[in-house]
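Inside the fold
These are the residues of each chain, in order.
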Amino acid sequence: MKNLTSRQLILLLTLASTTLIVGAWIFQLRGYAPCELCLWQRKPHYAAIVIGAVALLTRQRWLAWPGAAALAATSAIGFYHSGVERKWWPGPDTCTGGGDIGGMSADDMLAQLQSTPVVMCDVIPWRLSDLIPWDLLDITMANFNAIGSLVLVFVWIAAARRA
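Below, the structure is looked at part by part. (Residues numbered from 1 in each chain as written. Predicted model: local features only at pLDDT ≥ 70, side-chain atom pairs only at ≥ 80, totals over all residues. Heavy atoms only, no water.)

1. Quick look at helix α2 (residues 36–58)
How we decide: Numbering of helices and strands starts at the N terminus; helices are DSSP runs of H or I of at least 4 residues and strands are runs of E of at least 2. Each helix should span, by expectation, one fewer than its residue count multiplied by 1.5 Å. Relative accessibility thresholds used throughout: buried, under 20% of the residue-type maximum; exposed, over 50%; partly exposed, between the two (1.4 Å probe, protein chains only). A contact between two residues is defined here by any heavy atoms of the two lying within 4.5 Å.
A rise of 1.5 Å per residue sets the reference length of α2, with its 23 residues, at 33 Å; its end C-alpha atoms lie 34 Å apart and thus fit the reference within 8%. Those residues of α2 not exposed but buried are Leu 37, Gln 41, Arg 42, Pro 44, His 45, Ala 48, Ile 51, Gly 52, Ala 55 and Leu 56. Contacts from the buried residues of α2 go to α1 (6–29), α3 (64–85) and α5 (141–161).

Structure follows, in structure tokens:
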């Protein structure tokens, strides 16, 4: 990686976020509906793709700093989501079964459930250990995003600092 130019790094980073988004879409097409936090994690990747494309087209190396910020944001959301999945802390009421239903009738609650299917943020739909039976690989999609995006933050910083 030392021999790569800033432009080459930005191209690789743009492709990395694109690959992660395409991977998320593939999981979605295979029946893994995204929860609210999953969707939140995608937005900074979309931003990084746009930032990377603009940086490549305009040859503005300083745009790698906002790219690093975007990946830091998705990594932070990924770590938060990882904690929600592991039930280390509560997640948003909108996707962890909370919320105020005190004033709702049974019919209103049923109608809401039928009209708005909720994918729970605190339920792990997929783990790497499902494929590889090794407890140390109990890694979820949120974990992948959290750790992988954190690594990419440092590559964005390297791209910004590269002469």
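2. A look at the environment of Gln 8
Structurally, the position occupied by Gln 8 is in helix α1. Put simply, Gln 8 and Leu 56 are 48 residues apart on the chain and 9.0 Å apart in space, counted from C-alpha to C-alpha.

3. Regarding unusual backbone geometry
One non-glycine residue, Arg 59, lies in the positive phi region at around 60°. Inspection of the secondary structure puts Arg 59 in the loop between α2 and α3.

4. Here we look at the nonpolar core
As a reminder of what qualifies: As used here, the term nonpolar core means buried Ala, Val, Leu, Ile, Met, Phe, Trp, Tyr and Cys residues forming a set that is joined through side-chain atoms within 4.5 Å.
Residues Ile 10, Leu 13, Ala 48, Ala 64, Leu 71, Trp 156 and Ala 159 are the most contacted members of the largest nonpolar core, which totals 18 residues. Of all the secondary structure elements, the ones that give two or more residues to this core are α1, α2, α3 and α5. For Leu 71, the residues in contact, after removing those within four places along its chain, are Ser 17, His 45, Ala 48, Ser 149, Leu 152, Val 153 and Trp 156. Counting five residues, the second largest nonpolar core, distinct from the first, contains Cys 35, Val 84, Cys 95 and Cys 121.

5. Re the environment of Arg 161
Its place among the elements puts Arg 161 in helix α5. Taking the relative accessible area as the measure of exposure, Arg 161 reaches 65% and is therefore exposed. Sequence spacing of Arg 161 and Trp 62 is 99 residues, and the spatial spacing of their C-alpha atoms is 8.4 Å.

6. Quick look at the packing of α1 against α2
We apply this condition: Angles run from 0 to 180 degrees between N-to-C directions of axes, and those axes are lines fitted to C-alpha atoms, restricted for helices to the stretch in contact. Rotating anticlockwise by less than a right angle from the far helix to the near helix defines a left-handed crossing, while the corresponding clockwise rotation defines a right-handed one. The nonpolar class holds Ala, Val, Leu, Ile, Met, Phe, Trp, Tyr, Cys and Pro. Asp, Glu, Lys and Arg form the charged class, and all remaining residues, Gly among them, are polar.
Two numbers describe how α1 lies on α2: the axes approach to 9 Å, and their chain directions differ by 145°. The element α1 and its partner α2 pack so that their crossing is left-handed. The segment α1 lies against α2, with Arg 7, Ile 10, Leu 11, Thr 14, Ser 17, Thr 18, Leu 20, Ile 21, Ala 24, Trp 25 and Gln 28 engaging Arg 42, His 45, Tyr 46, Ala 48, Ile 49, Gly 52, Ala 53, Ala 55 and Leu 56. Looking at the contact of α1 with α2 residue by residue, the class counts come to 12 nonpolar, six polar and two charged.

7. Regarding the packing of aromatic side chains
Cut-off, in case you're wondering: Whether two aromatic rings pair depends on their centres lying within 6.5 Å, for rings of Phe, Tyr and Trp, where Trp uses its six-membered ring; planes under 30 degrees apart make the pair stacked, over 60 edge-to-face, and the rest tilted.
Using the criterion set out here, one finds four aromatic pairs in the structure. Judged by centre distance (6.0 Å) and plane angle (70°), the ring pair of Trp 88 and Trp 89 falls under edge-to-face. Judged by relative accessible area, Trp 89 falls into the partly exposed class, the value being 38%. Relative to Phe 144, the ring of Trp 126 lies with its centre 6.2 Å away and its plane at 35°, an arrangement referred to as tilted. Note that Trp 126 is positioned in the loop between α4 (106–115) and α5 and Phe 144 in helix α5, a separation of 18 residues in sequence. In this structure Phe 144 comes out as partly exposed when scored by relative accessible area, which is 41%.

8. A short note on the state of the cysteines
As a reminder of what qualifies: Any two cysteine sulfur atoms within 2.5 Å of one another count as a disulfide.
Scanning the entire structure with this criterion turns up zero disulfides. With no disulfide of its own, Cys 35 has Cys 121 as its nearest cysteine by sulfur position, at a separation of 3.4 Å. Just so you know, Cys 38 is unpaired, no disulfide at all, and the nearest cysteine sulfur is the one on Cys 35, 3.4 Å from it.

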